[in-house]
Amino acid sequence: MPINEIITPLDSATLETKEQYKVYFKIVKHAFAEIVKAIKEEKICSPSETTYVKQYCDLLTYTLEAFRVKYLFDDEEKMKVDLTESGLPNYSEFRYLVNDMELKNEYIQKLPEVETLKDEFLEILLKHKEPISDKKLHQASSIVYYTSVESQFLFKRYIQGKVIKTASSSETEYMVSWAFYDVGHNRPFICFMYFDLYKVAMENYIDEIYKVLETTADRSITLDSMAYAIDKKLVNVLPKKIKKIDLGPIHSVFAKDELQVTHAILQSIVDKSLDLSAYAVSLSINETASKDSMTEGGFFSKQHLQVWENKRPENYLFTSHRVMQLLYDKIPDKVYGLTRDPIEIATLKL
């Protein structure tokens, strides 16, 4: 397939053809499956963190499949892909998906009965020997979309994980995770906080913890700002460590950013040095930890707060062996600037 058939229409930030949908969804779903495997095998996160990363990525993969079914045969509405440092669906698409699920019963009533549509398909194929029209295919995919997609499995703007007790060897008693799809970056983030409680039982304070996290830590801000805000609002929580994982961007034929990795891959696809399916995924981890405490406020409103110290950010790149070789050749300084050598993942075959 010529490169211009994939790239050119994306100037409008939408997927226009069935071939684009096919290639795009194979890339993004393959990417998150491979990332989860690599994080576990390379021990980039702790075992408990890896478990939660997999759960959040499973939600994201499920949501991407919902997008695929929704748009594949729709000639009117097209899915928007963020063209900046993301390579993932625009945040608005996630919002529309949630709205669809809230109104699914109304939409289902407007669609033909399944048996009626089956009979029409059989008549068209067997009696008239004609292909099924896109309109009929869209009706069929809409029935699948509205009857099979479950709202609780979608990756939403904010997803709250449960508070769990840490291992006995841990420096803190509790850990909580959460994830969000950042509106500005159009990328998913996964966060972990390790903490102790002060003069309160967990069952009496857990709702307050969830409330503050959702209102304070539901977007990508500097980690020390996030840590201070959480610490300030949760007076009975003693946070000790917060970690934020940035999943992306995805550097592929569908990206239009100014990043070196993206440009190297795009140029190599144009030069036919790489296949259309070639891609790489960036992942960064930021972590801050309490190194001391301080007192803030007057005599009657005194509060003990943590003093935070940021660790050096960790930057990883996941890609196939062929792309890895190319990046070493074209942008060696960028590759050597990573926390470690690029991590090899399976090559995607279209």
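Here the structure is a predicted model, which means the values were calculated and not measured. (Residues numbered from 1 in each chain as written. Predicted model: local features only at pLDDT ≥ 70, side-chain atom pairs only at ≥ 80, totals over all residues. Heavy atoms only, no water.)

Draft legend 1. How the structure looks around a nonpolar patch on the surface. On the surface, a cluster of nonpolar side chains totalling about 290 Å² of accessible area is made up of Leu122, Leu125 and Leu126. Inspection of the secondary structure assignment puts Leu126 in helix H6 (residues 114–127). We classify Leu126 as exposed; its relative accessible area is 57%. (Patch = residues over 30% accessible without salt bridge, like charges linked within 9 Å, V, L, I, M, F, W, Y side chains within 5 Å. Areas by Shrake-Rupley, 256 points an atom, 1.4 Å probe, with all protein chains shown as cover. Salt bridge = Lys/Arg side-chain N within 4 Å of Asp/Glu carboxyl O. Helix = DSSP H or I, 4+ residues; strand = E, 2+ residues; numbered from the N terminus. Buried < 20%, exposed > 50% of the residue type's maximum accessible area, 1.4 Å probe, protein only.)

Draft legend 2. Examining the environment of Ala280 more closely. Here Ala280 is to be found in strand E5 (residues 280–296). Measuring from C-alpha to C-alpha, the distance between Ala280 and Pro249 comes to 8.6 Å, with 31 residues separating the pair along the chain. Once you skip the residues sitting within four places of it in the chain, Ala280 turns out to touch Pro249, Ile250, His251, Val261, Ile265, Leu317, Phe318 and Thr319. (Contact = heavy atoms within 4.5 Å.)

Draft legend 3. Examining unusual backbone geometry more closely. With an omega of 5°, the peptide bond running from Gly248 to Pro249 counts as cis. Inspection of the secondary structure puts Pro249 in strand E4 (residues 237–251). Phi angles above zero are rare outside glycine, and Lys129 is one such case at about 55°. Relative to the helices and strands, Lys129 resides in the loop between H6 and helix H7 (134–148). A positive phi is found at Lys272, a non-glycine position, where the angle reads about 65°. Following the sequence through the fold, Lys272 ends up in the loop between helix H10 (260–270) and E5. Residue Lys272 is classed as exposed on the basis of its relative accessible area of 71%.

Draft legend 4. Highlighting the pairing of E5. Inspection of the sheet shows E4 paired to E5 by nine bridges, in the antiparallel sense. Its bridge partner being in E5, Ile245 is matched across the sheet by Ile285. The sheet contact formed by E5 and strand E7 (residues 314–319) spans six bridges and is antiparallel. Across the sheet, the residue bridging to Ser282 is Leu317, located in E7. Strand direction decides the pairing type here: E5 and strand E6 (residues 303–310), joined by eight bridges, are antiparallel. Of the residues in E6, the one forming a bridge with Asp292 is Val307. (Pairing = 2+ DSSP bridges.)

Draft legend 5. A look at the nonpolar core. Formed by 81 residues in total, the largest nonpolar core has its most connected members in Phe318 and Leu327. No other element matches the 12 residues that helix H2 (residues 18–41) contributes to this core. The residues contacting Phe318, other than those within four sequence positions of it, are Ile35, Ala38, Ile39, Ile44, Tyr279, Ala280, Val281, Leu283, Ile343 and Ile345. Formed by 25 residues, the second largest nonpolar core is a distinct cluster that contains Met202, Ile209, Met226 and Leu234. (Core = buried A, V, L, I, M, F, W, Y, C linked by side-chain atoms within 4.5 Å.)

Remember that the coordinates give geometry; whether it matters functionally is a separate question.
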